[in-house]
Each structure stands twice: as structure tokens, then as C-alpha cells.
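Fold and contact review
Below, each chain spelled out in residue letters.
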Amino acid sequence: MGTPDFAVPTLHALIETQEVVGVVTQPDRPAGRGQQLRPSPVKEAALEAGLPLYQPKSMRRRSRIAPIEEWQPDIIVVAAFGQILRPHLLDLPPYGCINVHASLLPRWRGAAPIQHAIMAGDPFTGITLMAMDEGLDTGGMYGHQTVPITAEETAATLHDKLAALGGQMLRQYLPKIIDGKLQAVAQDDSQATYAPMISKEDGHLDWKEDALSLHRRLRAMTPWPGAFTSWEGNRVKILEAEWRADTVSDQAGQVVRQGDDILVAAGTGSLALLRVQLAGKRATDIDDFVRGRPDFEAAVLGT
């Protein structure tokens, strides 16, 4: 059970090592300017492999899991499916339901663990294989493996690393779980932190914050929803920037040129802009952007 790109390596690992009786994914969603229905990445992978497919809008009622009951699965593996599983589904397979979760539980339970780990400045994160229960990522843990978070890591690059790791861990751990050689260990609930869903407004850069926090937010919001500020009433996306320790102005949001750098002052420190995108325009390097808009160097962003 899974929906986005993150779940595809998990499905591939299962296809390579197990008998997959069926795949459950979210219904096709409208996407793009034309809002045409688009299948999920997991659906595309399942169709390519010729696997039975089920796309329920909801599985709150027991009657909605009838197709899954017909498959008679021994175990259900879940990776970023996008729906809460009810007891009538959790209790269906003899070996239970296992979740491939993109954090080192109990840290960052919830919908957006990758983004929150970056924003918090965590030095590392990882994948946890977890026995699912009715709570929010509260089940016992079969195992976890860590991945360092580099100073330039974005949600996109970390996503890809963790997705690949999830598939690798299933190959390693799943046979032991099925054979009963590996038992789930309870989480320490006192150490739990939560990672709520990200919204578009989470990409807003408040220049009164310190520059290091802003840089983390920028990286966490890449590629979606993107980090942004405002200039002359227009939204400007900050696509790439570097963190600098020096505070270049007492005015938060002030754009300052220092040599070849275009810096934006934060509460402490500054960000050196590299690539930006004005609303309705194409993305461009900061040098080209300023060359066509020389008044940008005197701007105060976010006002």
C-alpha cells in the first residue's frame, strides 16, 4: 500500500523478494494546468509489473476492504499510502501491517518527517520499519537505519535516499519478520516529536528569523512548496541560497551587495541568493535577475 514516488522502491523490493498478491494506492488525481487525471507513481509501477490494483477513495467501512480480503494477504506493507488504516484492515493479515516510515521513531511521527527533520537541524534521520497499530506511528519497531543530513540536503535529495533505503531494509528485515526471528520493540513515547503536514504557507521566509533557520526552511521546502518572500507586492521564490554567518544590515530583509554576492539580511546572519524566480517568470541565476532589475539591490524583502 503506497502512493507517491517514495513508495516505489518499497514495491520493487517486494516484487523482487515476495509474492505480491495486490497493490493498493490512492485514486488518480487531477494534475497540471489541464487538471487531467494522473495515476500515482505506485499505480504506474504496479501496472508495469502486471499486478492486481485497488484504488479506494476511503477504507473506513469494512465493506471497502473486500477486494483486499479476497487477496488473503499474509502481511501488508505500507509506505506513504495517504490514508489512515482502521482496525478492520490492521487486523486482517496474519503477520500484521508493517510501515516503512521516513524517520528514526519516535522522533518525527506524522505526515512530513523529512521536512521537519531538516528544519529542526537534525544531524541525521533514517528509516524505521514499524508494526502498525491504531496510533499515529506509535507501533513497535522492527529496526531502523540512519542517514546523515548534510548541510546542503534538501527534502528532494533526502527523500530519494530514504526511499531507496526503505526498499533495502525490506529485503533485509522482512524475511526475518515473517519467520518470527525478529520481534518489534516498543517505542519510548516520552521521546516522541511530531511532523504535521506541510502547507504552502510553510514556505514563507520571515527575515526576522536567524539565517541558519531560514536556510533550513528553504532546503526543507524544496521542491514543494518552495521557499518564498515578497518584493514590490510580488512573490519571489528563493530556489537556492547559501547561509552566511555575517549580519549585513540591521534591517531584516534588506538586500545588500558585497562583492559578487547578493545577500539578504536576516535577524542574525544572512542568505546569499543563488537562484530566484519572480512570480510568472522563469527561474534565473541571481546575477541575471539583478542585471535586469537593478533596483532589487536596494530592496527590503518581505515588506
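Calculation rules
Positions within a chain are numbered from 1, following the residues in the order the chain's sequence is written. Restriction of local features to residues with pLDDT of at least 70 applies here, the model being predicted, together with a cutoff of 80 or more for giving and counting side-chain atom pairs; totals for whole chains, interfaces and linings are based on all residues. Heavy atoms from the whole structure form the basis of all side-chain values; hydrogens and water molecules are not counted. Categorising residues by exposure relies on relative accessible area from a 1.4 Å probe, with only protein chains included: less than 20% of the type maximum marks a residue as buried, more than 50% marks it as exposed, and the intermediate range marks it as partly exposed. Segments assigned H or I by DSSP are reported as helices when at least four residues long, segments assigned E as strands when at least two residues long, and all are numbered from the N terminus. Pairs of residues are marked as contacts when any of their non-hydrogen atoms sit within 4.5 Å. Here, any two strands with at least 2 DSSP bridges between them count as paired. For every element, the axis is a line fit to its C-alpha atoms; helices are fit only across the contacting stretch, and the angle between N-to-C directions ranges from 0 to 180 degrees. For classification purposes, an angle smaller than 35 degrees is called roughly parallel, one larger than 145 roughly antiparallel, one from 65 to 115 roughly perpendicular, and anything else oblique. Left-handed is the label given to a crossing in which the near helix is rotated counterclockwise from the far helix by less than a right angle, and right-handed is the label when the rotation is clockwise. Each residue gets one label: Ala, Val, Leu, Ile, Met, Phe, Trp, Tyr, Cys and Pro are nonpolar, Asp, Glu, Lys and Arg are charged, and the others, such as Gly, are polar. Side-chain atoms within 4.5 Å are what join buried Ala, Val, Leu, Ile, Met, Phe, Trp, Tyr and Cys residues into a set we call a nonpolar core.

Section: helix 7 (residues 211-220)
Residues separated by three or four positions in an α-helix point in the same direction, a consequence of the helix having 3.6 residues per turn. The buried fraction of helix 7 amounts to seven of the ten residues, a majority that puts the element mostly inside the structure. The elements touched by buried residues of helix 7 are helix 5 (113-119), helix 6 (155-178), strand 11 (227-231), strand 12 (234-244) and strand 15 (270-278).

A look at the sheet that holds strand 8 (residues 124-131)
With mixed pairing, four strands are arranged side by side in an open sheet as 5-6-8-9. The open sheet has two edge strands, strand 5 (76-78) and strand 9 (141-148), and neither has a second partner. Pairs of neighbouring strands in the sheet enclose a mean axial angle of 15°, with direction left out of account. Lying on the sheet, helix 6 is in contact with strand 5, strand 6 (97-101), strand 8 and strand 9; it crosses strand 9 at an angle near 150°.

Here we look at the packing of helix 1 (residues 8-17) against helix 6
Here helix 1 crosses helix 6 at 30°, and the two axes come no closer than 7 Å. Relative to helix 6, the element helix 1 lies roughly parallel. Handedness of the crossing formed by helix 1 with helix 6: right-handed. Across the interface between the two elements, Pro9, Thr10, His12, Ala13, Leu14, Glu16 and Thr17 of helix 1 pack against Ala163, Ala164, Gly166, Gly167, Leu170, Arg171 and Leu174 of helix 6. Of the residues contributing to the contact of helix 1 with helix 6, the split by class is seven nonpolar, five polar and two charged.

Topic: the nonpolar core
One finds Phe6, Val100, Ile127, Leu162 and Leu170 to be the most contacted residues of the largest nonpolar core, which totals 45 residues. Sorting the residues of this core by element identifies helix 1, helix 2 (41-49), strand 6, helix 5, strand 8, strand 9 and helix 6 as the ones contributing at least two each. Of all the elements, helix 6 adds the most residues to this core, at ten residues. Those residues in contact with Phe6, other than ones at most four positions away along the chain, are Ala79, Ala80, Val100, Ala102, Ile127, His159, Leu162 and Ala163. Counting residues in hydrophobic clusters, the runner-up holds 24 residues, among them Leu218, Val255, Ile286 and Phe296.

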